[in-house]
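Structure at a glance
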Amino acid sequence: MKPGITALTLITAFLFSPLCLANKGPAIKDYPADKVADNIYVIHGPLGLPDSGNQGFMNNPAFVITNDGIVAIDPGSSVQTGEMMLRVMAKISDKPVIAVFNTHIHGDHWLGNQALRAAYPDAPIYGHPNMIALIEAGEGQNWADRLEQMTEGKTAGTVVTGPNKTVDHGATFKYGGTTVKIHHYGKAHTTSDLMIEIPERSVTFLGDNVLNDRIPRIDDGDIQGNIGTITQILETGSKVYVPGHGPSGDAGVPESFRKYLDVLYTTVKKYYDEGLSDFEMKDQVAGALGAYAGWSGFEEQLGKHISLAYLQIEAAEF
Ligand SMILES: [Zn+2]
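A brief report on the enclosed structure follows.

Conventions adopted
- The residue count restarts for each chain, going from 1 along the sequence in the order it is written.
- Residue-level local features of this predicted model are given only where pLDDT is at least 70; pairs of side-chain atoms are given and counted only at 80 or more, and the full residue set underlies all totals for whole chains, interfaces and linings.
- Nonpolar core, as used here: buried Ala, Val, Leu, Ile, Met, Phe, Trp, Tyr and Cys residues forming one set through C-beta atoms within 7 Å.
- Neighbour density around each residue's C-beta defines its exposure: 20 or more other C-beta atoms within 10 Å make it buried, 12 or fewer make it exposed, and counts between make it partly exposed, where C-beta atoms are placed from the backbone.
- Strands here mean DSSP runs of E at least two residues long; helices mean DSSP runs of H or I at least four residues long; both are numbered from the N terminus.
- Remark: residues whose backbone-derived C-beta atoms lie within 7 Å of one another are considered to be in contact.
- Any two strands with at least two DSSP bridges between them are considered paired.
- A helix is expected to span 1.5 Å for every residue after the first.
- Note on handedness: a clockwise path from strand one over the helix to strand two, with the strands aimed away from the viewer, defines a right-handed crossover.

Further remarks concern the nonpolar core. In terms of nonpolar packing, the biggest core is built from 64 residues, with Phe63, Ala72, Val100, Leu264 and Val268 touching the most fellow members. In terms of residue count, the dominant contributor to this core is helix α8 (residues 252–273) (eight residues). Residues contacting valine 268, with those up to four places away along its chain left out, are Met281, Val285, Ile306, Ala309, Tyr310 and Ile313.

Bridge count for strand β8 (residues 172–175) against strand β9 (residues 178–183) is four bridges, and the pairing is antiparallel. Its bridge partner being in β9, threonine 172 is matched across the sheet by lysine 181. What sits between β8 and β9 in their antiparallel hairpin is a turn of two residues, with glycine 176 showing a positive phi close to 50°.

This part covers unusual backbone geometry. One non-glycine residue, asparagine 39, lies in positive phi territory at about 65°. Here asparagine 39 lies in the loop between β1 (34–37) and β2 (40–42). In this structure, glutamate 152 takes a positive phi of about 55° despite not being glycine. Relative to the elements of secondary structure, glutamate 152 occurs in the loop between α6 (139–150) and β7 (165–166). Under the C-beta neighbour-count criterion, glutamate 152 is labelled partly exposed, with 13 such atoms within 10 Å.

A few words now on helix α7 (residues 223–234). With 12 residues, α7 should cover 16 Å at 1.5 Å per step; its first-to-last C-alpha distance of 17 Å lies within 8% of that length. Inspection of α7 places Ile223, Gly225, Asn226, Ile227, Thr229, Ile230 and Ile233 among the buried residues, and these make up the whole buried set. Residues of α7 that are buried sit in contact with β9, β10 (195–198), β11 (203–205), α8 and α10 (298–317).

Moving on, we come to α10. Counted at 1.5 Å a residue, the expected span for α10 with its 20 residues is 28 Å, and the 28 Å between its end C-alpha atoms agrees. For α10, every residue scored as buried is listed here: His305, Ile306, Leu308, Ala309 and Tyr310. Against α7, α8 and α9 (282–288) lie the buried residues of α10.

Residues Ile70 and Ala72 line one face of strand β4 (residues 70–73) and the alternating positions Val71 and Ile73 line the opposite face, and both faces are buried. Where strand β3 (residues 62–65) lies against β4, four bridges are found, and the strand directions are antiparallel. Note that in β4 the partner of isoleucine 65 across the bridge is isoleucine 70. Strand direction decides the pairing type here: β4 and strand β5 (residues 97–101), joined by four bridges, are parallel. Pairing of alanine 72 across the sheet is with valine 100, part of β5. Chirality of the crossover, the property in question, places the unit of β4, helix α3 (residues 79–92) and β5 among those that are right-handed.

Worth remembering: the numbers are spatial, not functional.
Here it is as structure tokens:
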């Protein structure tokens, strides 16, 4: 270091440099909160992959207003999304956030925890034990880095803030007379999926076990497990189902996505049995899934989904 350039000079220079000013990405505009049942709202995010235009916001953050306070679900992909969720909640209720639930390890659903933790440090954040283990193994930081890259820095400033409480299948909470019931049926979309049922209002949050109008990446999932999970959760008989991405609706929403997975698996199995390789059957599988060709991400994910189904069929043979 040259004489005269002290550490303080360097720190001062950094504080006023464009590098530091660029350290936090811009705020996200407020999206509407859609009322899906009494005191239950979903901020339905835009469809598509995270990019500079959507600033990484493309999931369905949701909140349940109870007599004791607000239960928040999946506050999105970044500190900016979490801050947007706080602003949107404050327009509807002046109650504090008293608990946060994360549906799975994919960072587009939970990196916004950071903003909720900053505003409500005492509110526990719940996740599946496998989610917490994956974050400890570095998966949370991988997601933060991936999102910052995909959004060209729009999510910058996001610090990995994982759940601090574990929760698993069958857990039930009571918040001011409102029940929150947790469902987990093994490996499905990931190994860490939680589905959240509000029985009194007949609403169930599905995480990415179900998408609507968008095809998910299921690289770390199990197709048969995902089909089974959807069948199990339909037994709640809920009136409203909230998918991880795309519009909420009735039982038709999970049923439609289950059909996608089922047609994918059975069609790949048919051509597997005929001796075709995964890339040789792509046109036939695309044809069988034609009803989903208009869903966002269909083209990008189809080849990967066929390969995944092929591997899982092959594994099931042994
Ligand atoms: Zn996911």
